[in-house]
Amino acid sequence: MHPALIDAGPKVVTEALSSGLPAIVTTGVGYSEIIRDGYNGFTVPTRNADALVKPIIRLLGEPDLLSEMSSNARESTENLSMRIHAEAVSDAIITIYNK
């Protein structure tokens, strides 16, 4: 679970995925290129604790879904390139510099 409002890069999420952990992230933080809702994780609205809890309960109650999403999570990181990481870090640096 990574309920961030702002994130400098998707490293934490990609590390979780590569470990076989489906990620639960908040919308609007830049994970749309990495998380496919219901495939390798879940995307929930920001500042909504109830929405954050629902996928956790679902994964705990559906071990077959957890297993499938874990496999999908590992597979999805095999296709990621360093470009995504470089772009995220670059964008964060530019944002900080412009402040």
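Each remark here, short or long, concerns the structure printed above.
Counting starts from 1 at the beginning of each chain's written sequence and moves along it residue by residue. Since the coordinates come from a predicted model, pLDDT governs what is reported: local features require at least 70, and pairs of side-chain atoms require 80 or more to be given and counted, while whole-chain, interface and lining totals use all residues. Excluding hydrogens and water, the side-chain figures rest on all heavy atoms present in the structure.

Draft legend 1. Highlighting unusual backbone geometry. A positive phi is found at R47, a non-glycine position, where the angle reads about 55°. Tracing the sequence through the fold places R47 in the loop between β2 (41–44) and α2 (49–61). Buried residues are those whose accessible area, probed at 1.4 Å on protein chains only, stays under 20% of the maximum for their type, while exposed residues exceed 50% and partly exposed ones sit between those limits. On the basis of relative accessibility, which here comes to 74%, the residue R47 falls in the exposed class. Strands here are runs of E lasting at least two residues and helices are runs of H or I lasting at least four, both read from the DSSP assignment and numbered beginning at the N terminus.

Draft legend 2. Layout of the packing of helix α1 (residues 11–18) against helix α3 (residues 63–78). One way to put it is that α1 packs onto α3 with a least axis distance of 7 Å and a crossing angle of 120°. Classed by the angle they form, the pair α1 and α3 counts as oblique. Residues T14, L17 and S18 of α1 touch α3, and the partners they reach there are A73, R74, S76 and T77. Any residue that is not Ala, Val, Leu, Ile, Met, Phe, Trp, Tyr, Cys, Pro, Asp, Glu, Lys or Arg is counted as polar, Gly included; the first ten are nonpolar and the last four charged. Of the residues in the contact of α1 with α3, the class split is 2 nonpolar, 4 polar and 1 charged. For every element, the axis is a line fit to its C-alpha atoms; helices are fit only across the contacting stretch, and the angle between N-to-C directions ranges from 0 to 180 degrees. Comment on the angle field: the value is read as roughly parallel under 35 degrees, roughly antiparallel over 145, roughly perpendicular from 65 to 115, and oblique elsewhere. Residues count as neighbours in contact if any of their non-hydrogen atoms are within 4.5 Å of one another.

Draft legend 3. Summary view of the nonpolar core. As used here, the term nonpolar core means buried Ala, Val, Leu, Ile, Met, Phe, Trp, Tyr and Cys residues forming a set that is joined through side-chain atoms within 4.5 Å. Judged by nonpolar contacts, V13, L17, A23, V25, V29, Y31, I34, I35 and A73 together constitute the single largest core of 9 residues. When residues of this core are traced back to their parent elements, those giving at least two are α1 and β1 (23–26). By size, the runner-up hydrophobic cluster in this structure holds 8 residues, among which are I24, F42, A51 and L59.

Draft legend 4. Inspection of the packing of α2 against α3 at higher detail. Where α2 meets α3, the closest approach of the two axes is 5 Å, and the angle between their N-to-C directions is 105°. Taken together, α2 and α3 sit at an angle that is classed as roughly perpendicular. Where α2 abuts α3, its residues R58, L59 and G61 lie against P63, L65, L66 and M69. Partitioned by chemical class, the residues of the contact of α2 with α3 number 5 nonpolar, 1 polar and 1 charged.

Draft legend 5. How the structure looks around the pattern of salt bridges. Whenever a carboxyl oxygen of Asp or Glu lies within 4 Å of a side-chain nitrogen of Lys or Arg, that contact is scored as a salt bridge. Taken as a whole and assessed by the stated rule, the structure comprises 1 salt bridge. E62 is the partner of R58 in a salt bridge, and the nearest nitrogen-oxygen pair spans 3.4 Å.

Draft legend 6. Structural detail: α1. Within α1, the full set of buried residues consists of V13, T14 and L17. The buried residues of α1 occupy an angular sector of 95° when the element is viewed end-on, so they sit on one face. Once α1 finishes, G20 follows within two positions and takes phi at roughly 85°, a positive value. An arc is given here, and it is the one of the directions from the helix axis to the C-beta atoms.

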